[in-house]
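The residues making up each chain are set out below.
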Amino acid sequence: MALVDVSVARRGKRRRNQAKLADHVDRLGEEHPPIPLDSVDYTMNRPDLLAERFGPVLSYMSRVELEVERNVLELNLLLPDPPEVDRHFYADVWLPQETHHGIILDRLQVQAGLEAATPNVSDVSFKLKVLGALGRVGAVQDVSRMLYYLTGLATERSAVLAYNKLHAGLVELGERAIAATVVAPIRRQEPGHFAYYQFAARDLWPQLASWQRWLVRTLRRKTFGPVGVDTKQQKVEFGHVMTGLGINTGDEADLRHYATQVGRVEHELLWSHRKGLRVPDYVFKALRSAAGAAADLKGDRRSATERGET
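Caption draft 1: Examining the overall build of the protein more closely. Across its full length, the protein holds 11 helices and 0 strands. Along its sequence from the N terminus, the protein presents helices and strands in the succession α-α-α-α-α-α-α-α-α-α-α. For the protein, the C-alpha radius of gyration of 20 Å lies close to 19 Å, the compact-globule estimate for 310 residues. Across its three principal axes, the protein shows a C-alpha extent of roughly 70 × 50 × 35 Å. In the protein, which comprises 310 residues, the share counted as buried stands at 48%. Residue pairs in contact within the protein that sit at least 24 positions apart in sequence constitute 81% of those at least 6 positions apart. Taken as a whole, the protein presents about 15,400 Å² of accessible surface, with 53% of it coming from carbon and sulfur. For the protein, the distance from the average position of its 42 positive side-chain charges to the average position of its 39 negative side-chain charges is 9 Å.

Caption draft 2: How the structure looks around the confidence of the model for the protein. For the protein, mean pLDDT is 89; residues scoring 70 or higher make up 91% of the total. With pLDDT under 50 throughout, residues 300-310 is counted as low confidence; its partners more than four residues away or in other chains account for 16 contacts.

Caption draft 3: Quick look at a nonpolar patch on the surface. On the surface, a cluster of nonpolar side chains totalling about 320 Å² of accessible area is made up of Phe126, Val130 and Leu134. Looking at the element boundaries, Val130 is found in helix α5 (residues 126-134). Given a relative accessible area of 37%, Val130 falls into the partly exposed group.

Rules used in this analysis
Residues numbered from 1 in each chain as written. Predicted model: local features only at pLDDT ≥ 70, side-chain atom pairs only at ≥ 80, totals over all residues. Heavy atoms only, no water. Helix = DSSP H or I, 4+ residues; strand = E, 2+ residues; numbered from the N terminus. Rg over C-alpha atoms; globule rule 2.2 N^0.38 Å. Buried < 20%, exposed > 50% of the residue type's maximum accessible area, 1.4 Å probe, protein only. Contact = heavy atoms within 4.5 Å. Areas by Shrake-Rupley, 256 points an atom, 1.4 Å probe, with all protein chains shown as cover. Lys, Arg positive; Asp, Glu negative; His and termini not counted. Charge placed at Lys NZ, Arg CZ, Asp CG, Glu CD. pLDDT = per-residue confidence, 0-100. Patch = residues over 30% accessible without salt bridge, like charges linked within 9 Å, V, L, I, M, F, W, Y side chains within 5 Å. Salt bridge = Lys/Arg side-chain N within 4 Å of Asp/Glu carboxyl O.

Below you can see the structure in the form of structure tokens.
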């Protein structure tokens, strides 16, 4: 086949993929509108027990969900000229869905006797502003897009796992109204977000040049962190979330299994050439570091070496 034919075929495939992605976003918007705020039953049998068992989880989740407002500001900086389907997804579908998740979770924790969330909805870091300025160069913006998709993959996979565990825990406590009208509707919307990021990432990755792939791998390895972790305190809070949901049981094998679930697609895309690698090391190390930070706060003063964090 002539080179011109190959080029035409590739452009045709990309157009078809973009059309499929746009259809997916349209279906998400039509089939999963923001959860009506008046549809929630906040009836609790033991709000004190719920707060004790899942207080740190609700506090963290509500903050992260509400911070999507700032995330959209960040995306507008990072992607000054994104594909229209990206903008449609994060501004018209993802933002209103996630905002309602945050409002509902925040109302739940307040009614359970906990403090309201204090999300950061406006302060964008200087590093992101610099990267956004560089993103005006198309080739650099493609790197930023790929990092956006990878972050979305890890975030949404983590959310699906977390909401599944929270739902099971609430049912175990006998808090069926909350499980059915808060957590169940939220977790139904997260897989559609994950599917979007997965399709978009698989479409973009083959289009990147070798230097762009190298840069994506390098930046991802150096900047990966759990969703919502920007400070040392938030790192500790995320460690408590993993403990509260039973993700961190003290058994390293359980934590590694969770890391594998979170980083599976990322591994397949970025690191498939690394034979024998089951999960990017930076994913597991970030989770283990958060678990260690939470343990330190509880009085576990073993060194990082003793905990295996070096």
